[in-house]
Amino acid sequence: MTANPQQDFVLKTIKGRDVHFVRFWFTDVLGTVKSFAVIPSELEDAFADGMGFDGSCIEGFCRTQESDMLAYPDASTFQVLPWRPEANAVGRMFCDIRTPDGTPFEGDPRHVLARTVAKAQDMGYVFNVGPELEFYYFKDAEGTEVLDRGGYFDLTSLDYASDLRRDTVLTLEKMGIPVEYSHHENGPSQHEIDLRFTDALSMADAVMTYKLVVKEIAMKHGVYASFMPKPMADQPGSGMHVHQSLFDLDGNNAFFDPSDSQGYGLSRVAKHYLAGLLKYAPEFCAITNQHVNSYKRLVAGGEAPIYLSWARANRSTLVRVPGYRPNREMACRLELRSPDPGANPYLAFAVMLAAGLAGIEEGLELPDPAEDQSLLALSRQDLRQRGVRTLPESLGEAIELFAASDLMRTTLGDHIHGYLVASKRAEWNDYLAHVSLWERDRYLAVL
């Protein structure tokens, strides 16, 4: 047995639960889960020395001549996959990726988040997050035929997918991921499951598991689940609102100040952090909203916020101070409403945290709240005329702001930053060259 208690627990559980394969999970730079299976007899060596794989096959990892990579499993993330048979069971662990000399690989998104979390810890903080992920169920992956016509919080026969949601929640809880809420969302066949807040690294692992579980359970029921940010033009998009807070190393909420003169219960730390989110949101938008389709959700008049503002009651603002339990320390947090579930959670949480910490380090002052100022009906042109700063209008605009950002380059490292700039510019250029059905319908018969 190993000297590590968590690793010993994994090895004992594998024997006790008849586990015949252990899947090593990690993500590429864009947030796609990658995996290979290891037999139990290899695990002790894997814990000590890692398991080799060809990194040149992974999006954003490395060139062929630098392809040798090692995956080191994190024993604390071990779970038996409940959707696989109990006999000859299958387990999984998330992995940290290293180079052959044992140093963390700079293209590993999990390491980027771990490094940013470590910086927060050096400043005396633990970063906690609680995301709300929305998604649609469709009949299949070939189109957008919905399963129901339900609406927000509906509990009727319209909510055809209640059984899917229930099975998903039960599966998540079997994997040690506590769920806070689940309900029908505003769009037909649109749903939301909210995870109970925890530290950012654990939550990023949980989000990757969540997305896979949602898809696995949907497949089991013969339907398709999609986290596409805006799958239908005439229906709401899917977001990933991220509730976030900093706790000190003694477990106190560093965002909470009951004597806040503005009445929001926010400390100076929270206000500097919030100011950092507002300042750097345009620069990190290419991470939190990383696809061409993401910007079909971030449009004037839509439900997703596009202008850089904050409030408590005004849900059209970019950052909200939830007021469900205004006098409770543990409930004090900020909610960033722009991200979508197509983001890589490791990188998304890292850039949010980096922006907030920069706000603290720079002592940024918070602008006035926008409680009575609903700008949802205004176009981007109207907003610009009023001097209101907004999020980028497109992936093309977002990636240029990201490319020029020193904070993003420092947070993500040259490897990931450079890869994303190149790959997302290529994606945007491909999109610009595409002739859409909208263009043909609008122009073909008249020009």
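All values reported here derive from a predicted model rather than from experimental measurement. (Residues numbered from 1 in each chain as written. Predicted model: local features only at pLDDT ≥ 70, side-chain atom pairs only at ≥ 80, totals over all residues. Heavy atoms only, no water.)

Draft legend 1. Molecular detail of the pattern of salt bridges. Tallied over the full model, the rule gives 15 salt bridges. Across the salt bridge formed by R110 and D96, the nearest N and O atoms sit 2.8 Å from each other. In this pair, R110 sits in helix α3 (residues 109–122) while D96 sits in strand β6 (residues 89–98), placing the two residues 14 residues apart along the sequence. Owing to a relative accessible area of 5%, R110 belongs among the buried residues under this scheme. The class for D96 is partly exposed, based on a relative accessible area of 26%. Ionic pairing is found between E335 and R320, a salt bridge with its closest N-O pair at 3.0 Å. With E335 in strand β15 (residues 334–336) and R320 in strand β14 (residues 319–320), this residue pair connects regions lying 15 residues apart in the sequence. For the pair E335 and R320, a shared accessibility class is recorded, and that class is buried. (Salt bridge = Lys/Arg side-chain N within 4 Å of Asp/Glu carboxyl O. Helix = DSSP H or I, 4+ residues; strand = E, 2+ residues; numbered from the N terminus. Buried < 20%, exposed > 50% of the residue type's maximum accessible area, 1.4 Å probe, protein only.)

Draft legend 2. Fine view of empty space enclosed by the protein. Under the counting rule described, the total for this entry stands at 2 cavities of 30 Å³ or more. By volume, the second largest cavity amounts to about 40 Å³. Every residue lining the second largest cavity is counted, 13 residues in all, and those nearest its centre are A300, G301, I306, L375 and L376. The class makeup of the residues in the lining of the second largest cavity is 10 nonpolar, 3 polar and no charged. (1 Å grid on protein atoms, 1.4 Å probe; cavity = no way out; pocket = protein on both sides within 12 Å on 5 of 7 lines; lining within 4 Å. Points joined across faces, edges and corners; volume = space filled by probe spheres on them. Nonpolar A, V, L, I, M, F, W, Y, C, P; charged D, E, K, R; others polar.)

Draft legend 3. Molecular detail of the packing of α3 against helix α8 (residues 345–362). Put simply, α3 and α8 touch, their axes get as near as 9 Å, and they point 25° apart. One way to sum up the angle between α3 and α8 is to call them roughly parallel. When the axes of α3 and α8 are compared, the crossing they make is left-handed. Taking contact as the criterion, the partners of P109, R110, V112, L113, T116, V117, K119 and A120 in α3 are, on α8, Y346, L347, F349, A350, L353, A354, L357 and E361. Classifying every residue of the contact of α3 with α8 by side-chain character gives 12 nonpolar, 1 polar and 3 charged. (Axes fitted to C-alpha atoms, helices over the stretch in contact; angles between N-to-C directions. Parallel < 35°, antiparallel > 145°, perpendicular 65-115°, else oblique. Left-handed = near helix turned anticlockwise from the far one by under 90°. Contact = heavy atoms within 4.5 Å.)

Draft legend 4. Representation of a negative patch on the surface within the structure. On the surface, a cluster of negative charge is contributed by E42, E44, D45 and D49. Relative to the helices and strands, D49 is located in helix α2 (residues 43–49). (Patch = residues over 30% accessible without salt bridge, like charges linked within 9 Å, V, L, I, M, F, W, Y side chains within 5 Å. Areas by Shrake-Rupley, 256 points an atom, 1.4 Å probe, with all protein chains shown as cover. Lys, Arg positive; Asp, Glu negative; His and termini not counted. Charge placed at Lys NZ, Arg CZ, Asp CG, Glu CD.)

Draft legend 5. Region of the structure containing the layout of surface pockets. By volume, the largest pocket is sized at about 1300 Å³. Around the largest pocket sit 49 residues that line it, and E132, E192, H241, H243 and E335 are the ones nearest its centre. Top contributing element to the lining of the largest pocket by residue count: strand β7 (residues 125–138), with 6 residues. Residue classes in the lining of the largest pocket are distributed as 18 nonpolar, 13 polar and 18 charged.

Draft legend 6. Spatial organisation of the packing of helix α4 (residues 162–174) against helix α5 (residues 200–220). Where α4 meets α5, the closest approach of the two axes is 9 Å, and the angle between their N-to-C directions is 135°. Accordingly, the angle class assigned to the pair α4 and α5 is oblique. Classified by chirality, the crossing of α5 by α4 is right-handed. Seen from α4, the contacting residues are L164, D167, T168, T171 and L172; seen from α5, they are Y210, V213, V214, I217 and A218. Each residue belonging to the contact of α4 with α5 can be placed in one class, and the counts come to 7 nonpolar, 2 polar and 1 charged.

Draft legend 7. Structural view of the side chain of S294. As for its placement among the helices and strands, S294 is situated in helix α7 (residues 294–297). Non-local contacts of S294, meaning those with residues more than four positions away in its chain, are made with P229, N289 and D340.

Draft legend 8. Region of the structure containing the packing of aromatic side chains. The tally for this structure, following the rule as stated, stands at 15 aromatic pairs. Geometrically, the ring pair formed by F36 and F53 is tilted, given 5.8 Å between the ring centres and 40° between the ring planes. Here F53 lies in strand β3 (residues 51–54) and F36 lies in strand β2 (residues 33–38), a separation of 17 residues in the sequence. Overall, the relative accessible area of 19% leaves F36 in the buried class. Put simply, the rings of F24, F26, F36 and F53 pair up and form one aromatic cluster. Note that R98 overlies the ring of Y72, its terminal NZ or CZ placed 3.9 Å from the centroid. Of note, K211 hangs over the ring of F227, and the distance from its end group to the ring centre comes to 5.8 Å. (Phe/Tyr/Trp six-rings, centres within 6.5 Å; stacked < 30°, edge-to-face > 60°. Lys NZ or Arg CZ within 6 Å of the ring centre and 35° of its normal.)

Draft legend 9. Main features of the pairing of strand β4 (residues 68–73). In terms of burial, β4 is largely enclosed, as 5 of its 6 residues are buried. Note that β3 and β4 share 4 bridges and pair antiparallel. The residue bridging F53 from the neighbouring strand is M69, located in β4. (Pairing = 2+ DSSP bridges.)

Draft legend 10. Here's a closer look at α8. Between the first and last C-alpha of α8 there are 25 Å, a value that for 18 residues agrees with the 26 Å anticipated at 1.5 Å per step. The element α8 is largely enclosed, with a buried count of 16 among its 18 residues. One side-chain oxygen of the residue at the start of α8 lies 3.1 Å from the amide nitrogen of Y346, identifying that residue as N344. Looking one or two residues beyond α8, the residue adopting positive phi is G363, at roughly 60°. (Expected span 1.5 Å × (residues − 1). Polar contact = N/O pair within 3.5 Å; in protein donor to acceptor, adjacent residues only side chain to side chain.)

Draft legend 11. Structural view of the domain arrangement of the chain. Under the domain assignment used here, the chain contains domain 1 (5–101) and domain 2 (114–440). With centres defined by C-alpha atoms, the gap from domain 1 to domain 2 works out at 28 Å. The junction of domain 1 with domain 2 conceals about 1600 Å² of combined surface from both sides, 66% of it contributed by carbon and sulfur atoms. For the interface between domain 1 and domain 2, the tally reads 5 residue pairs in polar contact (both at pLDDT 80 or more). Residue assignment for the side of domain 1 that touches domain 2 shows that the elements contributing at least two residues are β1 (19–27), β5 (79–80) and β6. (Domains from an automatic or database assignment. Buried area = accessible area lost by both parts, 1.4 Å probe.)

Draft legend 12. Fine view of the environment of L334. Tracing the chain through its elements places L334 in strand β15. Since its relative accessible area comes to 0%, L334 is described here as buried. Measuring from C-alpha to C-alpha, the distance between L334 and A270 comes to 8.3 Å, with 64 residues separating the pair along the chain.

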